[in-house]
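# Summary of structural features
This is what each chain is made of:
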Amino acid sequence: MNSSKHTELANHAWSVADLLRGDYKQSDYGKVILPFTVLRRLECVLEPTRDKVAEEAARCEEQDLDPDYFLPRASGHSFYNTSGLTLKKIAGDADNAAANLQVYIAGFSPNAREVLEKYEFAQQVRKLDDANLLYQVIGRFTDLDLRPEVVSNHNMGYIFEELIRRFSEQSNETAGEHFTPREVIKLMVNLLIAPDGDALSIPGVVRTVLDPACGTGGMLSAAEEHIKAYNRDATVEVYGQELNPESWAICRSDLMIKGQDPENIASGNSFSDDGHAREKFDYLLANPPFGVAWKKVQEEVEYEHRNLGDSGRFGVGLPRISDGSLLFLQHMVSKMKPVDVKGGGGSRIAVVFNGSPLFSGAAGSGESEIRRWILENDWLEAIVALPDQLFYNTGISTYFWILTNRKDAQHKGKVVLLDARDQWVKMRKSLGDKRKELGDGTGNKPNHIADITRLYGDAVAAAADAEHPLHGKVKVFDNSAFGYQRITVERPLKLRFELTDETLASLLASKPVQKWAEERFLPREPELAAKAKARRKLTDEEEAPFRELAAVEAKPLADALSPLLGSKWATKSESQVAVRNAMAEAGVQGPTGAPFTKALRDTVGVRDAEGEVQKIKGQPEPDAELRDYENVPLGEDVEEYLKREVHPHVADAWIDHTKTKVGYEIPFTRHFYVYEPPRPLAEIDAELKALESEIQTLLGEVTE
């Protein structure tokens, strides 16, 4: 089926919106159209065995047999319907449409009814009936031919996704909640499975596939088809989990139609309610929502992080709350099969991310620690950059992450970066934000999917061969190349000392002086002394008497130090001696001790590049305002780096090794950046003069 045909069928289904207009909000059209499309598909699939199921149902009732055992066999599917009704019959009796539809729905097997319940179908039926629209909507769907011989399961997926895309556009859903174009899925599955081609050809092979954010099941279908292409007799068991109830229902119905076990598709949030806990899979793939916050499951995720540690999924670290992408990756890694002593077992993972997980988060952050964990365990096989504007609801740049715990010899300790950003053709007609597509060799398009897959397989050789035509599109790095040491470069605090009106006011307002003043007046103020025990709870109004009395008590100290206004001292000790002498001469027994000494230095001291170096226990005190940070490649001697890169500019700098952190990031675009020199000035000047001349000519024509 070509794209125009499935668009035609989707248009037919969506034409029901004309009936709903006025009684339904535009954003609610999908709540009617999607479940009726599923219902019509189920009816078309069951039509050939309807009579056989009716006979078998009668036999089960007569002989008191279990219908859930015999009826699926009669229908040829994992679901059935025992009702003698059809949508066409129901539409023909407008007065009883609601009652008959309820009987019809009740005739489905429990697994099919559960799918419709997720759409809150009964509620929509009541609303349509109240608006006298039910029989008209049913009648419109009876004209929709969704028989399997006309619309394959694969193309039915296209129709579902087109309808859901329209629904999400009407509903203004989060940009990250998009659907994966089939050509992107095909490439993703190629890169995931292609290295295992020989193993998949073995007779009797069994493979399990998980998508923890499966949507309508498009990726699972593509993975199954791809494995079957290697071996028609292979057994492929697909599993998934989906949060959105409509998407979950479509995925379940798709599996029912294909003869897969629909119970393998769990409903709910993969983080807080893992539907496949303690299970392991051969292949894992996902296109999780981009940049979607995980605040709703924060409590459960943080609990697992704190209490289960490395025995749970999130022990290594947590990303920022605004983006749960790397939580999906940790979840998927936890479901990889272990590699046995003979090198067997293991799993492969493919996941689509935006650019953020490559570099967000500084050294020591949750994101950096997750990248570190993946790279130091040698699980990351490759990052593949895709063109922008590939997805329906977002035009941002995207990347495949390919992971495995069973790398072959040439990939061990290495990561492949493959730049496929120029592998696209412009679509004849845009679909939402999707304006580009990967060519598959049909319709006079280049076969980008095959080209990228081939280059991926030859990546190590292409990167090593400077003569390879695609050498510039692929690079191979050691895992450690993405690591760095975040060093803290300190410089000494240098001060000169001077007493001005401003620094004197700061000194009088400092905590040691305020405490000294309060110790003098509180014995005379019992009410304030009682309140002083609960200072943190006092309001600004209640605090005012303390400030007023403290100012009165500190006035003799201010008067004693006033003669020093305008004085400057080169060293801290000189300033301290001068202040003590001034207090002694005025007969003021002012504050003493280390807190006052520190307050004096902090208020009277002024930063000066030529000032005295301040010390703590004989060592230079670092100046927080001059503190700097440098990223040094992992494995490089940081002291040598300091001598080479920093000391020529600031010779007194040093590294605080207690603050050094190890971080990991993958600066993809930096590695593929190609410098383009600016155009020569003469060329630009000539172009400007030509434009001026053209403008003058046009102006002359206007004035004539």
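Residues numbered from 1 in each chain as written. Predicted model: local features only at pLDDT ≥ 70, side-chain atom pairs only at ≥ 80, totals over all residues. Heavy atoms only, no water.

## Side note on the overall build of the chain
Going by this rule: Numbered from the N terminus, helices here are DSSP runs of H or I no shorter than four residues, and strands are runs of E no shorter than two. Radius of gyration: over C-alpha atoms. The globule rule applied is 2.2 Å multiplied by the number of residues raised to the 0.38 power. Using a 1.4 Å probe on the protein chains alone, a residue whose accessible area is under 20% of its type maximum counts as buried, one over 50% counts as exposed, and one in between counts as partly exposed. When checking whether two residues touch, look at their non-hydrogen atoms; a contact exists if any pair is within 4.5 Å. Note on areas: these come from Shrake-Rupley sampling with a 1.4 Å probe, and a residue is covered only by the protein chains present in the view.
Of the regular secondary structure elements, the chain holds 30 helices and 21 strands. Taken against the 2.2 N^0.38 rule, which gives 27 Å for 704 residues, the C-alpha radius of gyration of the chain at 36 Å runs more than 25% over that of a compact globule. Along the longest, intermediate and shortest principal axes, the C-alpha atoms of the chain span 115 × 90 × 75 Å. The buried share of the chain, reckoned over its 704 residues, is 48%. Contacts spanning at least 24 positions in sequence make up 76% of the contacts within the chain whose residues lie at least 6 apart. Summed over all atoms, the accessible surface of the chain reaches about 34900 Å², with 49% contributed by carbon and sulfur.

## Digging into the sheet that holds strand 2 (residues 235-242)
Inclusion rule: By this definition, two strands are paired if DSSP reports at least two bridges between them. Axis definition: a line fitted to C-alpha atoms, limited for helices to the stretch in contact. Angles are taken between N-to-C directions and run from 0 to 180 degrees.
An order of 3-2-1-4-5-7-6-8-11 is seen for the nine strands of this open sheet, with the pairing classed as mixed. Strands at the two margins of the open sheet, each flanked by one partner only, are strand 3 (265-267) and strand 11 (474-478). Direction aside, neighbouring strands of the sheet carry axes that sit 15° apart on average. When strand 1 (residues 206-211) meets strand 2, the two strands line up parallel, connected through six bridges. Of the residues in strand 2, the one forming a bridge with L210 is Y239.

## Remarks on the confidence of the model for the chain
What counts here: The predictor rates its confidence in each residue with pLDDT, a number between 0 and 100.
Mean pLDDT over the chain works out to 91, with 96% of the residues at or above the 70 mark. When the criterion is pLDDT under 50, residues 174-178 qualifies, and its contacts beyond four places in sequence or with other chains add up to eleven contacts.

## Here we look at unusual backbone geometry
At D378, a residue that is not glycine, the phi angle is positive and equals roughly 60°. Counting through the fold element by element, D378 comes out in the loop between helix 19 (366-376) and strand 6 (380-385).

## What to know about the pairing of strand 1
Put simply, the test is: Crossovers are marked right-handed if the path from the first strand over the helix to the second runs clockwise, as seen with the strands pointing away from the viewer.
When you tally the buried positions in strand 1, you get five out of six residues, the bulk of the element. Assessed by its sense of winding, the connection that carries the chain from strand 1 through helix 14 (residues 218-230) to strand 2 is right-handed. Of the strand pairs in this sheet, strand 1 and strand 4 (residues 283-286) are connected by two bridges, and their pairing is parallel. Note on strand 4: the bridge partner recorded for L210 is L284.

## Brief notes about empty space enclosed by the protein
Here is the rule we go by: A 1.4 Å probe that fits but cannot get out identifies a cavity on a 1 Å grid over protein atoms alone, an open set with protein on both sides within 12 Å along at least five of seven lines counts as a pocket, and a residue lines either if it has an atom within 4 Å of a point. Grid points are joined across faces, edges and corners, and a volume is the space filled by probe spheres set on the points. Gly is put with the polar residues, along with every residue not named as nonpolar or charged; the nonpolar set is Ala, Val, Leu, Ile, Met, Phe, Trp, Tyr, Cys and Pro, and the charged set is Asp, Glu, Lys and Arg.
Evaluation of the coordinates by the stated rule reveals three cavities of 30 Å³ or more. Along the wall of the largest cavity there are 13 residues; nearest its centre are N153, G157, R182, T216 and D254. Among the secondary structure elements, those contributing two or more residues to the lining of the largest cavity are helix 11 (153-171), helix 14 and helix 15 (245-258). Per element, the largest residue contribution to the lining of the largest cavity is five residues, and it comes from helix 11. A class-by-class count of the residues in the lining of the largest cavity yields three nonpolar, seven polar and three charged.

## Looking at the nonpolar core
In plain terms, the rule: Among the buried residues, those of types Ala, Val, Leu, Ile, Met, Phe, Trp, Tyr and Cys that are joined through side-chain atoms within 4.5 Å form a nonpolar core.
F36, L39, L101 and F400 are the most contacted members of the largest nonpolar core, which totals 104 residues. Look past the residues within four positions of L101 in its chain and what remains in contact with it is F36, L39, L87, I90, F121, V125, L134 and I138. Counting residues in each nonpolar core, the second largest holds 32 residues, with I374, L375, I383 and L403 among its members.

## Regarding a nonpolar patch on the surface
What counts, and what does not: Surface patches are drawn from residues lacking salt bridges whose relative accessible area is over 30%; two like charges belong together within 9 Å, two nonpolar side chains (Val, Leu, Ile, Met, Phe, Trp, Tyr) within 5 Å. Put simply, a salt bridge is a Lys or Arg side-chain nitrogen that is within 4 Å of an Asp or Glu carboxyl oxygen.
On the surface, a cluster of nonpolar side chains totalling about 380 Å² of accessible area is made up of L681, I684, L688 and L691. Relative to the helices and strands, L691 resides in helix 30 (residues 681-703). Since its relative accessible area comes to 42%, L691 is described here as partly exposed.

## Brief notes about the packing of aromatic side chains
As a reminder of what qualifies: Each Phe, Tyr or Trp ring (for Trp, its six-membered ring) is paired with any other whose centre lies within 6.5 Å, and the angle between the two planes then decides the class: stacked below 30 degrees, edge-to-face above 60, tilted in between.
As enumerated under the stated definition, the model contains 14 aromatic pairs in all. Plain terms: the ring middles of W14 and Y29 are 6.5 Å apart, the flat faces sit at 70° to each other, and that makes the pair edge-to-face. Within this pair, whereas W14 is found in helix 1 (residues 3-14), its partner Y29 is found in the loop between helix 2 (17-20) and helix 3 (30-46), the two being separated by 15 residues in sequence. In this structure, W14 and Y29 share a single accessibility class: buried.

## Here we look at the side chain of E56
The topology assignment puts E56 in helix 4 (residues 50-63). The class for E56 is buried, based on a relative accessible area of 17%. Excluding residues that lie within four positions of it along the chain, E56 makes contacts with F70, L71 and A74.

## Remarks on the pattern of salt bridges
In a structure, side chains of opposite charge can pair up when their charged atoms sit close to one another. Per the stated rule, a full pass over the model turns up 45 salt bridges. Across the salt bridge formed by R520 and E553, the nearest N and O atoms sit 3.2 Å from each other. Of this pair, R520 sits in helix 23 (residues 511-521) while E553 sits in helix 25 (residues 540-561), and the two are 33 residues apart along the sequence. On the basis of relative accessible area, R520 is assigned to the partly exposed category, the value being 39%.

## Quick word on helix 3
For clarity, the threshold we go by: Here the expected length of a helix is defined as 1.5 Å per residue gap, with one fewer gap than residues.
Look at helix 3: 24 Å from first C-alpha to last across 17 residues, which is about the 24 Å you get at 1.5 Å a residue. Taking burial as the measure, the 17 residues of helix 3 include 16 buried ones, the bulk of the element.

## Re the pairing of strand 7 (residues 398-404)
Of all seven residues in strand 7, seven are buried, a share of seventy percent or more. Here strand 7 shows two buried faces, one formed by T398, F400, I402 and T404 and the other by Y399, W401 and L403. Across seven bridges, the pairing between strand 5 (residues 348-354) and strand 7 is antiparallel. Residue pairing for strand 7: N354 is matched across the bridge by T398.

## Some words on the side chain of N287
Here is the rule: Pairs of N or O atoms within 3.5 Å make up the polar contacts considered here, provided that, within protein, one atom can donate a hydrogen while the other can accept it, and that residues adjacent in sequence are counted only when both atoms are side-chain atoms.
Structurally, the position occupied by N287 is in the loop between strand 4 and helix 16 (298-307). Its relative accessible area of 8% is what places N287 among the buried residues. Here T180 takes part through its side chain, which lies 2.7 Å from a polar atom of the side chain of N287.

## Some remarks on the environment of G275
One can find G275 in the loop between strand 3 and strand 4. In this structure G275 comes out as partly exposed when scored by relative accessible area, which is 33%. On a C-alpha basis, the gap between G275 and H671 in space is 39 Å, while along the polypeptide they are 396 residues apart.

## With respect to the environment of L85
Within the secondary structure layout, L85 lies in the loop between helix 5 (67-75) and helix 6 (87-91). The exposure class of L85 is buried, given its relative accessible area of 18%. Separated by 19 residues in the primary sequence, L85 and Y104 place their C-alpha atoms 6.0 Å from one another. Here L85 is in contact with R50, I90, N100, V103 and Y104, once residues within four sequence places are set aside.

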